[in-house]
Amino acid sequence: MTDDERDRMPSPDDARVVERLVPIWLEETERHDPDAARRAREGLREGPLSPDSARDLAHWVTARITDTAFNEDEGPDVEGPARITPADKSAVLRWLVDHGHAV
């Protein structure tokens, strides 16, 4: 099995990563687009996320990766309330796919 194939297989830890990061995503979304945050919360509570919310989450986790292996001179420096690794990004994307979203 290749690393790429492993990245696409759901893991029991994926849900824990999502549980840790989704509240932060929702809080940030609330500040910038309260209606989008409301729709995402409803989707999480009542069933699957809408395609728009799933896409927003996928873009958000990608943009917020803070553990990049870059040094201070190379950048990027992404500040935020949580450390998000490339593995966290993969976990969120696997979780979205596992819940029927194309990412």
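Residues numbered from 1 in each chain as written. Predicted model: local features only at pLDDT ≥ 70, side-chain atom pairs only at ≥ 80, totals over all residues. Heavy atoms only, no water.

Chemist: Any chance you could explain the overall build of the chain here in plain terms?
Modeler: The secondary structure content of the chain amounts to 5 helices and 0 strands. Traced from its N-terminal end to its C-terminal end, the chain shows the element sequence α-α-α-α-α. Within the chain, the fraction of its 103 residues that count as buried is 33%. Within the chain, counting contacts between residues at least 6 apart in sequence, those at least 24 apart form 59% of the total. (Helix = DSSP H or I, 4+ residues; strand = E, 2+ residues; numbered from the N terminus. Buried < 20%, exposed > 50% of the residue type's maximum accessible area, 1.4 Å probe, protein only. Contact = heavy atoms within 4.5 Å.)

Chemist: What is the right way to look at the confidence of the model for the chain in this model?
Modeler: Where the model shows low pLDDT, its predicted coordinates should not be examined in detail. The share of residues in the chain with pLDDT of 70 or more is 77%, and the mean pLDDT across the chain is 84. Model confidence for the chain, summarised as mean pLDDT per element, is weakest for helix α1 (residues 3-8) at 53 and strongest for helix α3 (residues 34-46) at 95. (pLDDT = per-residue confidence, 0-100.)

Chemist: Explain the nonpolar core here, please?
Modeler: In a soluble, globular protein the nonpolar side chains are often hidden away together inside. L21, W25, L49, L57, W60, V92 and L96 are the most contacted members of the largest nonpolar core, which has 21 residues in total. Going through the elements one at a time, α2 (12-32), α4 (51-63) and α5 (86-98) are the ones with two or more residues in this core. The element that contributes the greatest number of residues to this core is α2, accounting for 7 residues. If sequence neighbours within four positions are ignored, V92 has contacts with V17, V18, L21, L57 and V61. (Core = buried A, V, L, I, M, F, W, Y, C linked by side-chain atoms within 4.5 Å.)

Chemist: How should α4 be read in this particular structure?
Modeler: For an α-helix the count is 3.6 residues per turn, leaving residues at separations of three or four pointing the same way. Relative to the 18 Å expected for 13 residues at 1.5 Å per residue, α4 spans 18 Å between its end C-alpha atoms, a close match to the ideal helical length. Those residues of α4 that are buried are in contact with α2, α3 and α5. (Expected span 1.5 Å × (residues − 1).)

Chemist: What exactly am I supposed to notice about the packing of α2 against α5 here?
Modeler: Two numbers describe a pair of packed helices, the interaxial angle and the distance between the axes. Running from amino to carboxyl end, α2 crosses α5 at an angle of 105 degrees, the nearest separation of the two axes being 8 Å. By the angle between their axes, α2 is roughly perpendicular relative to α5. On α5, the residues touching D14, A15, V17, V18, R20 and L21 of α2 are D88, A91, V92, R94 and W95. Counted by class, the contact of α2 with α5 contains 7 nonpolar, no polar and 4 charged residues. (Axes fitted to C-alpha atoms, helices over the stretch in contact; angles between N-to-C directions. Parallel < 35°, antiparallel > 145°, perpendicular 65-115°, else oblique. Nonpolar A, V, L, I, M, F, W, Y, C, P; charged D, E, K, R; others polar.)

Chemist: When you look at the side chain of R94 in this model, what are you seeing that I'm missing?
Modeler: Among the structural elements, R94 can be located in helix α5. Within the local environment of R94, its side chain forms a polar contact with the side chain of D14, the two groups lying 2.8 Å apart. (Polar contact = N/O pair within 3.5 Å; in protein donor to acceptor, adjacent residues only side chain to side chain.)

Chemist: Teacher, can you tell me more about the packing of α2 against α4 here?
Modeler: Where α2 meets α4, the closest approach of the two axes is 11 Å, and the angle between their N-to-C directions is 100 degrees. Regarding the angle of α2 to α4, the classification is roughly perpendicular. Of α4, the residues touching α2 (which contributes L21, V22, I24, W25 and E28) are S53, D56, L57, W60 and V61. Looking at the contact of α2 with α4, its residues break down into 7 nonpolar, 1 polar and 2 charged.

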